[in-house]
Structure formats: structure tokens, C-alpha cells
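Chain residues, written in single-letter form:
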There are 2 protein chains.
Amino acid sequence: MTGPLRLQDVRDAARRLAGVAHWTPLITSRTLDARVGRRVRLKCENLQRMGAFKFRGAFNAISQLAPRQLERGVVAYSSGNHAQAVALACRQLGSTAVVVIPNDVAPAKRAAISGYGAEIVCYDRMTEDRAEICAQIAEQRGLAMVAPFEDLQVMAGQGTVALEMLHDEPDCDVLAVPVSGGGLIAGCAVAATALRRGIRIIGVEPSAGDDTRRSLVAGRRITIPVPLSIADGLRSQTPGELTFAINRRLLDDVVTVDDDEIVDAMRFAFERLKVVLEPSGAVGLAAVLAGRVAGNRIGVVLSGGNIDTDRFTRLIGGDQPSSK
Amino acid sequence: MTGPLRLQDVRDAARRLAGVAHWTPLITSRTLDARVGRRVRLKCENLQRMGAFKFRGAFNAISQLAPRQLERGVVAYSSGNHAQAVALACRQLGSTAVVVIPNDVAPAKRAAISGYGAEIVCYDRMTEDRAEICAQIAEQRGLAMVAPFEDLQVMAGQGTVALEMLHDEPDCDVLAVPVSGGGLIAGCAVAATALRRGIRIIGVEPSAGDDTRRSLVAGRRITIPVPLSIADGLRSQTPGELTFAINRRLLDDVVTVDDDEIVDAMRFAFERLKVVLEPSGAVGLAAVLAGRVAGNRIGVVLSGGNIDTDRFTRLIGGDQPSSK
């Protein structure tokens, strides 16, 4: 049993997203296959609209708001990509968005959010509670809050990633999926395990931000200090309640990668796959390259590519990664 | 009339390439569309096997050699990507390759060629005649020479790029295609003009290497000095005889882009499209961004992505481009 989120919800989301979100390509690399000795299929969500999988969930959730609520608008918090997704979905649906983002968000992401016409409110990642700020704005202005992962419709939208992967490559025996709050992997796990008996679902977290791995080991949601990792989209401190309820049932394992491995994966993606990955988007590939994902036919979600050339150059240049 | 190369040759090539070459994705960017005020579709040949369209032509030509010739092997000259293409096609077909490349070829390309198992022979771009060196080796060792563009089967294979584009997006009214020796655009022009009456075919060259543009203006093949451009794959000095015979009939125009515009296009591709382009692969996008391609529904060939992170970083970093 998959609980409150079902395959049908993901299929309904796919119907809403048809013609709005991209059906992203699933690419291959014989160099990669030869290097890891497995067949790997890479789902290019970096080529999704606004550069990450997040658009799928945000659009699916916001498109189901009442017309009157769409007129009032929505509010969301995010380390970057969910903010862009909400901003773009709102523009698409004729609504307006206020987004609450950390004050250290990459300039490219901030520019993109403004570009989509959203209002930006900043907070300090180290001292302030973004959920609280967001809730206050929602109440004061009568806005609907769109959570980045604690929302069944967001998860359903994000689960369409797995629907597409298994349509394009039906015989994947394992999926490797980045984990932050856990919405992407929860949606993918619900869809994939319903469609394909025996498929294994492996989460990937940065070593410094392994809250879901620890929580699965403990059997309950663990909270960790604010993670210091170059993977700025995966700095969650604790899994979501809804996502964890699904993930503790459906995930087979969570593996971790360190910052150097993430940079190596970004370089491999650039030079061999010819695609751009942000650090958070590269953890799945990093885990495969490091030999941490068992399986013969591995599907990997390349979850995002929002990084500007300046930061890419600094990271690939080889200085101390944690300072960037 | 299209002369010696016909749509059927391109269709035959597509049959041979099915399951061997990638059917590459045709991507879109609303940011790009909004910026240029046109609908643009980008054909990602940087995601092709070995990172460029060249594999299509090389495989199509080599696959038709007699078994005995395949046993002896082939020889080819190239500024880089054709060499990789021949090396990979030979490995794929159980043959062996000798490739003649300029001594200043990017390290990533050289490594890839060796990786595919080919023997490398270097020459000096400024003082030596690569075609002559290649012909000598062919004669001495009994190898079949696979020309980078002066070969109808190479052109036919490369024309499959346009077949795929017009299949995926039937209503393109113009194609913008990089031009070096002219094989890619000749193959594409034959296929596209046969499939779609009235479609316009625009070539794109680096400003410093506009031998085909000058030749079209003059009505005969013009030879220019060795071009100095960051687009190292487009440094041809004169159009091919076979390619020019086709291109003078089927091309509507050739436009040019300078090195700064190429770098801007590479940055745009990285930050907004999330794909990696080598300078030569970015000229079509550069021409569109510079407003030099008229039309409402523009198909652009992103022809290659073979650049390592070091060179990318130097180019994007903003130093004097011609020195890199």
C-alpha cells in the first residue's frame, strides 16, 4: 500500500502537465556505462522549464487552486528552485507569487525569480524560520501557501518524472533520486513501485545533509544542524512528515556523496554528457560514479541545472569547495 | 533538382543510423523565444554520440565499405570531431582508424580519439596539407579515406539531422546551420527543401572564416587564409567541390558571427539552456541571438559540445578570445 498518494494522482498530474512541462529526454553515455559497468539512463530535469524538476510539482498544485485564490495569489519558501517554479507556474496560470528565499541564494536563481514576475522576500538561513515567515505572509495577505514538498499535489507532480522514465525505459531495475525534503523521491517511489514490481528506489543526499538517511536508520524523523554543502538545494534539516511517511515504506536505501564527488560529477556531466548540472542536481550521478548504486539498469534523475558560469568556474577550478 | 544527393539517400542513411546514432532532442526555451521574438527549436547534436553531428556522416559512409576494406581500415583528417566520429564508427563496425589531426587540437578531443582506439597522426595547420598527408597514408597502407565532407554518404548521414528536426517540428520555416566544409548544411538542405517547399536554409560561419559566404557571393569557390577564430571546427579555407555544388543551389544566405557573439551564445546555452556547446557548435545560436536569422519558426543546429572545462572557463572568463 502506498498510503495517501497513489499512482492515479501522479497520472492525473501528468495529464495536467502535458504540453505545459517538458517531457525531458532520458540520455545515455557509453563512456559512463563502460566506466561504471552498468547501463545508466539519465533523466534530464535540468532541461525542464526553469531548469529543474520543481516546476512539475508547483504547477500541479497551483493549477488546482480555486479561481478566487489564484486571483489573490500564492506564497512559497524555497532555497531557490521551488521559488522559480512557483513564480513561473503563477505567471503561467495568471496568478501572482510572493517567494521567501535565503539571502545567500545564487544570483542566477534570484534573477530568474524576478524575471518570472514574483515578489521576493529574503531571510537568514542560519537564524530565521522560513516556514514561519511564509505562514505569516500567507495569513496577512490571504495568500495560499505552496509547500516545496509537504503537499500531496506537489509530490504527485514531481512523481511524473518517474512515469516518464519508466515509459521511455521500462526495464530500469533501480532509480537513484536526489533527496532534500523528500518530495521528488516520494512521488517517484509511489509511481515507480506501483508500475514495476521489485524496482528499487535509492535516495541520494550530500554527506553533510543526510537527514533522511539518519531518519530512516532511526525509524523516525531526525533533525540535523543546517548542512554545509555545495549542494544548496539539498540543505534540508529534517524530512517532511508526509514525505517521510511515504519514503520510510518505499525507499530501499539512502546513500551519500561528498562535495568533491559532486564536483567530479558536474565535470563529467559537462565534458562527457554535454549538460550543465547544479551541485544538487548532480548527486545522483555522483553516487553512480562512486559505485554506490547497485543494479544493472540504473535510472538517475539529474534534477537541476541552475548554476551560473561564475559559480561553475569557481567550483570546477578546484579551490576549497565548502567556501563557495 | 538536388543533383547527385537526394532525399532518398538521406532516408537510407537514417535507416542505417537507427539504433546506432541518437535521435537527439529538439529543445525549446521561452526565455530565448521572448528575447528574439521568434519561436526557436534547438537541435541538440552536442548530445549526439561523441558529442557532435559528425558521427552520423562517418558511420553512414564507413558502414557501406566492403568487408575486406573494413578489415584493412580507414584513414581520415579532421580538426577534431570528424576524427572522433571516424574512430568511434570504426570501433563500432569492427574496423580500425588512422586519424590525421592538427597539432593544436583540444586535449579533450585528442583524449576521446585515443579512447576510441584510433591511431593519431599530427600535422601543422599553418604549413602542411592535411588532405595530402591523408592521401599518402591511404595509399601506403591500403586504407580507405573517409573525407569529412566531400563524400555523398557523409553528407547523406549528416542530412539526417534535418530529417529528425522536421519530423519533430514540421513547421520550421527556416533552418540555421553551421558551415565549415559545408557537408552538414548540404545534407540538411537536400532533405529539408525536398520535404518542405519554401523552407529557407541559412548557413552560419565565423566572421573570420567566411569562405562559403564569399564563395556564394562570387559564384565560385573562393580560398581564404587560415581563419583565426575560436570556432576551431569551422576553420575551413574553401568550400568543398561537392558541397558547394549543392549549397550554391539550395542555400538562401550565409550570415556570420564574431568570437564575442560566439562566447555570448555559449554562456546563454550554459545558463539558460543547461547545455554545453563548443564554439563551433554555438554559431547558429549566436546568429539567432544577434538577430541575423529572419523567420518565425527557426530551427537551429547546435552542432557540437566538445570542449573541456579548462577551455570553457578561459573563454567565458572574458580574456581576449582569439588567443585561446
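Scope of this entry: the structure provided in the associated data block. Everything numeric in this text was worked out from a predicted model, so none of it was measured.

1. Focus on helix 6 (residues 107-115) of chain A
Residues and elements named next belong to chain A.
Stage number 1. For helix 6, the full list of buried residues reads Lys109, Ala112 and Ile113. Looking straight down helix 6, one finds that the buried residues subtend no more than 100 degrees of arc, so they occupy a single side. Exposed positions of helix 6 whose direction lies more than 90 degrees from the buried face are Pro107 and Gly115.
Stage number 2. Of the surrounding elements, those touching the buried residues of helix 6 are helix 5 (81-92), strand 4 (97-102) and strand 5 (119-123).
Stage number 3. Where helix 6 ends, the next residue or the one after it, Gly117, has phi of about 85 degrees, a positive value.

2. Thoughts on the relation of the copies chain B and chain A
Stage number 1. Mapping chain B onto chain A calls for a rotation angle of 180 degrees and an axial translation of 0.0 Å; the resulting RMSD is 0.0 Å. What the superposition gives is, in effect, a two-fold axis relating one chain to the other. Among all residues of chain B, the minimum C-alpha distance to the rotation axis is found for B:Val275, at 2.2 Å.
Stage number 2. When the interface residues of chain B are mapped onto chain A, 100% of them again lie at the interface, so the same face is used by both copies.

3. Description of the sheet that holds strand 2 (residues 39-44) of chain B
Within a sheet, adjacent strands bond to each other through the backbone by hydrogen bonds, running parallel or antiparallel.
Residues and elements named next belong to chain B.
Stage number 1. Judged by pairing direction, the sheet is mixed, and its six strands sit side by side in the order 1-2-10-7-8-9 without closing on themselves. This sheet does not close on itself; its edge strands, each paired only once, are strand 1 (26-27) and strand 9 (253-257).
Stage number 2. Across five bridges, strand 8 (residues 200-206) lies against strand 9 in parallel orientation. Its bridge partner lying in strand 9, Gly203 is registered against Val254.
Stage number 3. Sheet strands touched by helix 10 (residues 211-218): strand 8 and strand 9. Its angle to strand 9, the strand with the most contacts, is close to 145 degrees.

4. With respect to the sheet that holds strand 4 (residues 97-102) of chain B
All names here are of chain B.
Stage number 1. Within the open sheet, the four strands sit side by side as 5-4-3-6. Their pairing is parallel. Across the chains shown, the open sheet's two edge strands, defined by having one partner strand only, are strand 5 (119-123) and strand 6 (144-145).
Stage number 2. Relative to strand 6, strand 3 (residues 74-77) is paired through two bridges, and the arrangement is parallel. In the sheet register, Val75 faces strand 6, and the bridge partner there is Met145.
Stage number 3. Across the face of the sheet, helix 7 (residues 130-141) comes into contact with strand 3, strand 4, strand 5 and strand 6 while running at roughly 175 degrees to strand 3.

5. A closer look at the nonpolar core
For soluble globular proteins, the rule of thumb is that nonpolar side chains tend to be buried together.
Stage number 1. If you look at the biggest cluster of nonpolar residues, it comprises 84 residues, and the most contacted ones within it are A:Leu42, A:Leu285, B:Leu42 and B:Leu285.
Stage number 2. In this structure A:Leu42 touches A:Pro25, A:Leu26, A:Ile27, A:Leu32, A:Leu273, A:Leu285, A:Val300 and A:Leu302, once residues within four positions along its chain are discounted.

6. Some remarks on the packing of aromatic side chains
Stage number 1. Per the counting criterion, the structure on display carries eight aromatic pairs over all chains.
Stage number 2. Judged by centre distance (6.3 Å) and plane angle (45 degrees), the rings of A:Phe270 and B:Phe270 are tilted. Linking A:Phe270 in helix 12 (residues 259-273) with B:Phe270 in helix 12 (residues 259-273), this pair reaches from one chain into another. Each member of the pair, A:Phe270 as well as B:Phe270, carries the same accessibility label: buried.

About the criteria used
- Residues numbered from 1 in each chain as written.
- Chains lettered and ligands numbered in written order.
- Predicted model: local features only at pLDDT ≥ 70, side-chain atom pairs only at ≥ 80, totals over all residues.
- Heavy atoms only, no water.
- Buried < 20%, exposed > 50% of the residue type's maximum accessible area, 1.4 Å probe, protein only.
- Helix = DSSP H or I, 4+ residues; strand = E, 2+ residues; numbered from the N terminus.
- Arc of directions from axis to C-beta.
- Contact = heavy atoms within 4.5 Å.
- Least-squares fit on C-alpha atoms with pLDDT ≥ 70 in both.
- Pairing = 2+ DSSP bridges.
- Axes fitted to C-alpha atoms, helices over the stretch in contact; angles between N-to-C directions.
- Core = buried A, V, L, I, M, F, W, Y, C linked by side-chain atoms within 4.5 Å.
- Phe/Tyr/Trp six-rings, centres within 6.5 Å; stacked < 30°, edge-to-face > 60°.

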